[in-house]
Amino acid sequence: IMNKSPAKDNEWFTQTVIVEGKHVTVKVNGKVVNEYTEPSDPKKRAGSAGEVIGSGTFVLQGHDPGSEIHYKNIKVKPLP
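Notes on the structure in this doc start here. (Residues numbered from 1 in each chain as written. Predicted model: local features only at pLDDT ≥ 70, side-chain atom pairs only at ≥ 80, totals over all residues. Heavy atoms only, no water.)

With that settled, the discussion passes to a nonpolar patch on the surface. Residues Phe58, Leu60, Ile69, Tyr71, Ile74 and Val76 make up a contiguous nonpolar surface patch of about 600 Å² in total accessible area. Along the chain, the position of Leu60 falls in the segment after strand 3 (31-37). (Patch = residues over 30% accessible without salt bridge, like charges linked within 9 Å, V, L, I, M, F, W, Y side chains within 5 Å. Areas by Shrake-Rupley, 256 points an atom, 1.4 Å probe, with all protein chains shown as cover. Salt bridge = Lys/Arg side-chain N within 4 Å of Asp/Glu carboxyl O. Helix = DSSP H or I, 4+ residues; strand = E, 2+ residues; numbered from the N terminus.)

And the structure:
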């Protein structure tokens, strides 16, 4: 469990998400903060049949309903 935020409040930061096959790496300001590899038979919650790693759609979200979030310079690049 991470107790310290990887970026300061009210400051811009860079987030990089790399998906290679079923492996996801998330970096904040160049530092790896999360890695995940989807199992071959992922456990799905009821009603979440589409929640598996695939191609196409991605989502940007904030989890704290009291937060205000701004995004800029979003770039998507398919890897070879």
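Attention now goes to the pairing of strand 1 (residues 15-20). Across six bridges, the pairing between strand 1 and strand 2 (residues 23-28) is antiparallel. In the strand pairing of strand 2, Glu20 is matched with His23. Taking the residues between adjacent antiparallel strands as the criterion, strand 1 and strand 2 are bridged by two residues, where Gly21 takes a positive phi near 65°. (Pairing = 2+ DSSP bridges.)

Attention now goes to the sheet that holds strand 3. If you trace the three strands from one edge of the open sheet to the other, you get 1-2-3, paired in antiparallel fashion. Across the chains shown, the open sheet's two edge strands, defined by having one partner strand only, are strand 1 and strand 3. The average angle at which neighbouring strand axes cross in this sheet is 15°, direction not considered. Inspection of the sheet shows strand 2 paired to strand 3 by six bridges, in the antiparallel sense. (Axes fitted to C-alpha atoms, helices over the stretch in contact; angles between N-to-C directions.)

Here we come to the pattern of salt bridges. In a structure, side chains of opposite charge can pair up when their charged atoms sit close to one another. The tally for this structure, following the rule as stated, stands at one salt bridge. Ionic pairing is found between Glu38 and Lys22, a salt bridge with its closest N-O pair at 3.3 Å. Placement of the pair is Glu38 in the segment after strand 3 and Lys22 in the loop between strand 1 and strand 2, with a sequence separation of 16 residues. With a relative accessible area of 40%, Lys22 lands in the partly exposed category. (Buried < 20%, exposed > 50% of the residue type's maximum accessible area, 1.4 Å probe, protein only.)

Here the structure, examined in full by the defined rule, presents zero aromatic pairs. When the ring centre of Trp12 is taken as origin, the NZ or CZ atom of Lys72, which lies over that ring, is 4.4 Å away. (Phe/Tyr/Trp six-rings, centres within 6.5 Å; stacked < 30°, edge-to-face > 60°. Lys NZ or Arg CZ within 6 Å of the ring centre and 35° of its normal.)

Geometric descriptors of this kind do not, in isolation, establish any biological role.
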